[in-house]
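# Observations on the model geometry
Chain residues, written in single-letter form:
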Amino acid sequence: MEIDCQPEESIVCPFEEDCVELSDVKDMRLEAEAVVDDVLFAVTEMHVSQNLSSALDVAYINVETREGNRYCLELTEAGLRVVGYAFDQVDEELSTQYYETVYSLLDTLSPGYREAFGNALLQRLERLKQNGQ
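Residues numbered from 1 in each chain as written. Predicted model: local features only at pLDDT ≥ 70, side-chain atom pairs only at ≥ 80, totals over all residues. Heavy atoms only, no water.

Helices and strands together make up the secondary structure of the protein chain, namely three helices and four strands. Put simply, the protein chain has 133 residues, and 32% of those count as buried. Taking the intrachain contacts of the protein chain between residues at least 6 apart in sequence as the baseline, contacts between residues at least 24 apart amount to 37%. Counting only carbon and sulfur atoms, one obtains 49% of the accessible surface of the protein chain, whose full area is about 9400 Å². (Helix = DSSP H or I, 4+ residues; strand = E, 2+ residues; numbered from the N terminus. Buried < 20%, exposed > 50% of the residue type's maximum accessible area, 1.4 Å probe, protein only. Contact = heavy atoms within 4.5 Å. Areas by Shrake-Rupley, 256 points an atom, 1.4 Å probe, with all protein chains shown as cover.)

Moving on to the sheet that holds strand β4 (residues 79–84). Spatially, four strands are ordered β1-β2-β3-β4 in an open sheet, and the strand pairing comes out antiparallel. The sheet is open, and its two edges are formed by β1 (45–48) and β4, each paired on a single side. Each adjacent strand pair in this sheet contributes to an overall mean axis angle of 25 degrees, direction not counted. Pairing of strand β2 (residues 59–64) with strand β3 (residues 70–76) involves six bridges; the strand directions are antiparallel. (Pairing = 2+ DSSP bridges. Axes fitted to C-alpha atoms, helices over the stretch in contact; angles between N-to-C directions.)

Here we come to the pattern of salt bridges. Throughout the structure, instances matching the rule amount to three salt bridges. Ionic pairing is found between R70 and E64, a salt bridge with its closest N-O pair at 3.2 Å. Owing to a relative accessible area of 38%, R70 belongs among the partly exposed residues under this scheme. One salt bridge in this structure joins R114 and D107, with 2.9 Å as the shortest N-O distance. With relative accessibility at 41%, the residue R114 sits in the partly exposed group. For D107, a relative accessible area of 33% corresponds to the partly exposed category. (Salt bridge = Lys/Arg side-chain N within 4 Å of Asp/Glu carboxyl O.)

If you trace the backbone, S110 turns up in the loop between α2 (102–109) and α3 (111–132). Within the local environment of S110, its side chain forms a polar contact with the backbone nitrogen of Y113, the two atoms lying 2.9 Å apart. Residues in contact with S110, not counting those within four places in the same chain, are T65, R66 and E67. (Polar contact = N/O pair within 3.5 Å; in protein donor to acceptor, adjacent residues only side chain to side chain.)

The values reported here are purely geometric and, on their own, carry no functional implication.
Here it is, written out as structure tokens:
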């Protein structure tokens, strides 16, 4: 059996190299740590779950908002979503919306986050204004 294949269409995967580009695969645990570092200033508590198993394709983040509400968030390539209403809780029956960013998710869940984020932005703008004078 012959297959027509133009040279530029050929897929080469030498045995010496891995066929999957590991640099193209996101480690969700590392992504989750970055998410926590980004918004920790605007919530009461936030950390990557040590009790729920994470993998390359999923990680879980526990967050307590300034209002005292606790959530367990799932982070995947699809985005972030609430999967439980307590730390380290995954409710399989819960069907919640995915958010593209942690900012949009927290903006929906927490007026206190929105206020803290706005205040931090104002402080940065004030510093920029002072440094510019």
